[in-house]
Amino acid sequence: MGYPRITNAWVTKFVDSITGCTMSRLVVEATSSFTCSIHKVSCNKLQISFTNSILIMAPDEIYVNDGLINRIEIVAGPPYPLIFVDLEHPTSWIIKETLGSSKNDSIVRLVIDFDRNFIKEIFKDRLIVIDPGHGGSDFGACGPVNLLEKQVTLDISRLLAYQLRQEGAAVIMTRTSDENLTQKTRFEYGKSTLADAFISIHTFSSKNLSISGSRILYTKNKENESKILAELIQN
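What counts, and at which threshold
Residues numbered from 1 in each chain as written. Predicted model: local features only at pLDDT ≥ 70, side-chain atom pairs only at ≥ 80, totals over all residues. Heavy atoms only, no water. Phe/Tyr/Trp six-rings, centres within 6.5 Å; stacked < 30°, edge-to-face > 60°. Helix = DSSP H or I, 4+ residues; strand = E, 2+ residues; numbered from the N terminus. Buried < 20%, exposed > 50% of the residue type's maximum accessible area, 1.4 Å probe, protein only. Lys NZ or Arg CZ within 6 Å of the ring centre and 35° of its normal. Pairing = 2+ DSSP bridges. Axes fitted to C-alpha atoms, helices over the stretch in contact; angles between N-to-C directions. Contact = heavy atoms within 4.5 Å.

Some remarks on the packing of aromatic side chains
Evaluated as defined, the whole model comprises three aromatic pairs. Seen from their ring centres, Trp93 and Phe114 are 6.3 Å apart, and the 55 degrees between their planes marks the pair as tilted. Within this pair, whereas Trp93 is found in strand β9 (residues 93-98), its partner Phe114 is found in strand β10 (residues 108-115), the two being separated by 21 residues in sequence. On the accessibility criterion, Phe114 (0% relative accessible area) is buried. Ring plane angle 70 degrees and centroid distance 5.5 Å describe the contact between Phe187 and Phe198, whose orientation is recorded as edge-to-face. Here Phe198 lies in strand β13 (residues 197-201) and Phe187 lies in helix α3 (residues 183-193), a separation of eleven residues in the sequence. With a relative accessible area of 28%, Phe198 lands in the partly exposed category. Between Arg25 and the ring centre of Phe14, over which it is positioned, the NZ or CZ distance is 3.7 Å. Geometry around Phe204 places Arg215 over its ring, the cationic atom sitting 4.1 Å from the centre.

Structure follows, in structure tokens:
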């Protein structure tokens, strides 16, 4: 039968239906049963070793950035396949093996669940106001094929609100539809609710096609805290 052949690896979020705990789940697939060992390279970096296995997928570097796992790097060896996991924060993990879900699914999956509870502690009792930029008659920038900034910012804000709520934060959006809002009205949401953070989403635009990347602006009010938050978002 030969050595197990590693065919795929990816990271996703997983919520335990019984405990309600959220995990960052690393899944590694192979052609037959296989094992691994994990040791710490540093407090925020792990090395997963797959002895007596062969990597047949292409070596890869995957940027995850889910708040816990920053990236994984998959290498062929030598002497055996390795996966390096870069963490944002030290955490615990659980390893288990699962078989294919049907007779036609012969894949063996090794599942490593990384505990995300510390993230929920960060967001516990926190209120965040998200402000989708523009709206209504204020289109914002216009991209290809009538792509309007006001709609892009609303879509991004909805996704951000969903992710923050998943992590335990309370979230208020200044708008949830295509409507006109003054700047004063937007800021009042943050002031009147005593929010811990106010995040306004914009996409920016430029006629200079050589310009790319992201830009974060922060207020001079509570400059230290605002700058720290801006740097964390940027990174």
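So, next bit.
Describing the pairing of strand β1 (residues 5-15)
Of the pairings in the sheet, the one linking β1 to strand β5 (residues 54-55) comprises two bridges and is parallel in character. Pairing of Arg5 across the sheet is with Ile54, part of β5. Here β1 runs beside strand β2 (residues 22-30); their pairing, made up of nine bridges, is antiparallel. When the bridges of β2 are listed, Ile6 appears paired with Ala30. Following β1, the chain reverses through six residues before pairing antiparallel with β2; Gly20 in that reversal takes a positive phi of roughly 80 degrees.

Observations regarding the sheet that holds β13
The sheet built from three strands is open, its strands ordered β12-β11-β13 with parallel pairing. Strands at the two margins of the open sheet, each flanked by one partner only, are β12 (170-173) and β13. Neighbour to neighbour, the strand axes of the sheet diverge by 25 degrees on average, direction disregarded. Bridge analysis of strand β11 (residues 127-132) against β13 gives five bridges, and the strand direction is parallel. Paired with Val129 across the two strands is Phe198, which belongs to β13.

Digging into the sheet that holds strand β7 (residues 69-75)
Across the sheet, five strands lie side by side as β3-β4-β8-β7-β6; this open sheet has antiparallel pairing. The open sheet terminates on both sides in strands that have one partner only, identified here as β3 (37-42) and β6 (60-63). Across the sheet, the mean angle separating the axes of adjacent strands is 20 degrees when strand polarity is ignored. The pairing of β3 with strand β4 (residues 45-49) spans five bridges and is classified as antiparallel.

A few points about the environment of Pro81
Turning to its location among the elements, Pro81 is positioned in the loop between β7 and β8 (82-87). Since its relative accessible area comes to 3%, Pro81 is described here as buried. C-alpha separation for the pair Pro81 and Lys220, spaced 139 residues apart in sequence, amounts to 49 Å. With residues near it in sequence (within four places) discarded, Pro81 still touches Ile6, Ile48, Ser49, Phe50, Ser53, Ile54, Leu55, Val75 and Ala76.

Coordinates in, geometry out; function isn't part of it.
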